[in-house]
Amino acid sequence: MSDDTLPEADRVEGAPHPRETERLFGQSQAEAGFLEAYNADRLHHAWLMTGPRGVGKATLAWRIARFLLATPIYEGGGLFGDAPPTFDTLDISPDHPVAHRLLARSEPGMFAITRSVNEKTGKLRDMITVDDIRGLTHFLTMSAAEGGRRVVIVDAADEMNVNAANALLKMLEEPPALTTMLLVSHQPSRLLPTIRSRCRELRLTPLEADDMTAALAQAGAEDNDDPALAALSSGSVGEAMRLTRLGGLEMYQEIVGIFATMPNPDRPRALKLAEAAAARGAENRFELLLTMFDTFLARLSRTGATGVPPLPEAAKGEAEVLQRLAPNPHKARQWAEIAQEISSRTRHGQAVNLDPAALVLDTVFKITETALR
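Residues numbered from 1 in each chain as written. Predicted model: local features only at pLDDT ≥ 70, side-chain atom pairs only at ≥ 80, totals over all residues. Heavy atoms only, no water.

Time to look at the overall build of the protein. Secondary structure assignment for the protein yields 15 helices and five strands. Once the C-alpha set of the protein is aligned to its principal axes, its extents read approximately 80 × 45 × 35 Å. Put simply, the protein has 373 residues, and 47% of those count as buried. Across the protein, every contact between residues at least 6 apart in sequence was considered, and the portion connecting residues at least 24 apart equals 73%. As displayed, the protein has an accessible area near 18900 Å², and 52% of this comes from carbon and sulfur atoms. One finds the centroid of the 40 positive side-chain charges in the protein at a distance of 6 Å from the centroid of its 50 negative side-chain charges. (Helix = DSSP H or I, 4+ residues; strand = E, 2+ residues; numbered from the N terminus. Buried < 20%, exposed > 50% of the residue type's maximum accessible area, 1.4 Å probe, protein only. Contact = heavy atoms within 4.5 Å. Areas by Shrake-Rupley, 256 points an atom, 1.4 Å probe, with all protein chains shown as cover. Lys, Arg positive; Asp, Glu negative; His and termini not counted. Charge placed at Lys NZ, Arg CZ, Asp CG, Glu CD.)

Printed below as a string of structure tokens:
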């Protein structure tokens, strides 16, 4: 397989790759934090991009890489002691040669580490392995002779196995000259404390509604201004793209509809939903369906705790259903407890390959049982 046909672990299906994304919305504070360090000549050798999945961490990493590789290294003030230039944006013209080389994956100063493809199966590995890090060692050795700045992106650093993490740690402990490492992390608590301590953190936050709409439009999403999409994606563009691609809005509407008829849930509707989840090739939809059940339970708990349903509505008639099923804080606690139990049961069921339809029906039963207490 050529590089263009291999699956990419750092691409959301149906969306542009982060290296192809020209603008980053809603993360001006994180960008400013990096530029402040750069302008003050305090460019740390390793940066950790943290925050929820899908809010732009990888896009920021590629913007930083493009900026560093396209911006000449300041060599001093010359005869008259000129001050170094300062920058208020990471923007680099898409016509810049570095921008072209990054898109073509031919930039000699750039090295990206993601979960690689298992040559035997043709599928992505579950983890970043030590062999992937050894590739970085080779890159640093070869590129050192060429001089200039080098940038390394690890996406996602959470996915490194123990051997890979230890190999990367050695490089962070003895950072190569003129090399900046950018680590994308959805769950920094999963990283070795010694890796975290050697990185400077840039924290990204969920996007506000206007930034979400703009980012989704850039990514080519349909119905990018749908309030339900914003409600269910929690400010994550990546999650919104997944919802759009896999029919998440319709899926959540079905869940709300099933429990709108309580105390007698719509069992034929539940059975239809379960059978769709069990269909051959529907693994991604089944995974999203479990997420939608988690979301429904979380919104139930929030309604009971606060006394008002979350706004905007994520499905037609949702507010009435949430208020009826979670009328008080006592019920909110019940929903929070059952949410943990259901999540544990479904993830265990996945691990031991239980029938997806049976897992869905069991979830409906547990929610019904809790509603009738």
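Next comes the rest of the write-up.
One pass over the structure, following the stated rule, counts one cavity of 30 Å³ or more. Of the voids in this model, the largest cavity is the one considered here, and its volume is about 50 Å³. The wall of the largest cavity is formed by M251, L273, A276, A277, R285, F286 and L289. Elements that contribute at least two residues to the lining of the largest cavity include exactly α11 (267-277) and α12 (283-306). For the lining of the largest cavity, the residue count by class is six nonpolar, no polar and one charged. (1 Å grid on protein atoms, 1.4 Å probe; cavity = no way out; pocket = protein on both sides within 12 Å on 5 of 7 lines; lining within 4 Å. Points joined across faces, edges and corners; volume = space filled by probe spheres on them. Nonpolar A, V, L, I, M, F, W, Y, C, P; charged D, E, K, R; others polar.)

Turning to the packing of aromatic side chains, a few remarks are in order. The description of an aromatic ring pair uses the distance of the two centres, along with the angle that the planes make with each other. Tallying each qualifying case throughout the model produces seven aromatic pairs. Centroid distance Y252 to F296: 6.2 Å. Interplanar angle 65°. Geometry classified as edge-to-face. Here Y252 is found in helix α10 (residues 248-259), whereas its partner F296 is found in helix α12, with 44 residues between them in sequence. Each member of the pair Y252 and F296 is classed as buried. (Phe/Tyr/Trp six-rings, centres within 6.5 Å; stacked < 30°, edge-to-face > 60°.)

Let's shift gears to the sheet that holds strand β5 (residues 200-203). Ordered by their spatial adjacency, five strands build an open sheet running β2-β3-β4-β1-β5, and the pairing between neighbours is parallel. The strands lining the two open edges of the sheet, one partner per strand, are β2 (110-113) and β5. Shown here is a sheet whose adjacent strand axes are inclined to one another by a mean of 20°, direction ignored. Note: β2 against strand β3 (residues 150-155), four bridges, orientation parallel. Within the sheet, the bridge partner assigned to F111 lies in β3 and is V152. On top of the sheet, helix α5 (residues 162-173) reaches β1 (46-50), β3 and β4 (179-185); it is set at about 140° to β4, its chief contact. (Pairing = 2+ DSSP bridges. Axes fitted to C-alpha atoms, helices over the stretch in contact; angles between N-to-C directions.)

Interhelical geometry of α10 versus α12 gives an angle of 50° and a closest axis separation of 10 Å. Relative to α12, α10 is oriented oblique. Of the two possible hands of crossing, α10 and α12 adopt the one that is right-handed. Every residue of α12 that contacts α10 at G248, M251, Y252, I255, V256 and F259 is listed here: R285, L288, L289, M292, F293, T295, F296 and R299. (Parallel < 35°, antiparallel > 145°, perpendicular 65-115°, else oblique. Left-handed = near helix turned anticlockwise from the far one by under 90°.)

Turning our eyes to something else, we now look at the environment of K366. Positionally, K366 belongs in helix α15 (residues 356-371). Placed 28 residues apart in sequence, K366 and I338 show a C-alpha to C-alpha distance of 7.7 Å. Setting aside anything within four residues of it in sequence, one finds K366 in contact with I338, E341, I342 and R345.

This paragraph deals with the pattern of salt bridges. Evaluated as defined, the whole model comprises 18 salt bridges. Between E318 and R299 there is a salt bridge, with the nearest N and O atoms lying 2.7 Å from each other. Taken as a pair, E318 in helix α13 (residues 318-325) and R299 in helix α12 lie far apart in primary sequence, 19 residues in all. Taken individually, E318 and R299 each receive the classification buried, so the pair is uniform in this respect. (Salt bridge = Lys/Arg side-chain N within 4 Å of Asp/Glu carboxyl O.)

Now for the nonpolar core. Ranked by size, the top nonpolar core spans 82 residues in total, and within it F259 and F296 carry the most contacts. The dominant element in this core, judged by the number of residues it contributes, is helix α2 (residues 57-70), at ten residues. Setting aside its immediate chain neighbours within four residues, F296 contacts Y252, I255, V256, F259, V321, L322 and L325. Residues I113, A157, L191 and C199 belong to the second largest nonpolar core, which totals 25 residues. (Core = buried A, V, L, I, M, F, W, Y, C linked by side-chain atoms within 4.5 Å.)

Between the first and last C-alpha of α12 there are 35 Å, a value that for 24 residues agrees with the 34 Å anticipated at 1.5 Å per step. Two residues or fewer after α12 comes G307, characterised by a positive phi angle close to 85°. (Expected span 1.5 Å × (residues − 1).)

What follows covers the side chain of E318. Given a relative accessible area of 0%, E318 falls into the buried group. Each residue touching E318, except ones within four places of it in the same chain, is listed here: Y252, V256, R299, P312 and E313.

Another point: unusual backbone geometry. With omega at 20°, the peptide bond leading from M262 into P263 counts as cis. Structurally, P263 is set in the loop between α10 and α11. Omega for the bond connecting L311 with P312 falls within 30 degrees of zero, at 0°, which places this linkage in the cis form. Along the chain, P312 falls in the loop between α12 and α13. A positive phi angle, near 55°, is found at R105, a position not held by glycine. Relative to the helices and strands, R105 resides in the loop between α3 (97-103) and β2. A positive phi angle, close to 55°, is found at S234, a residue other than glycine.

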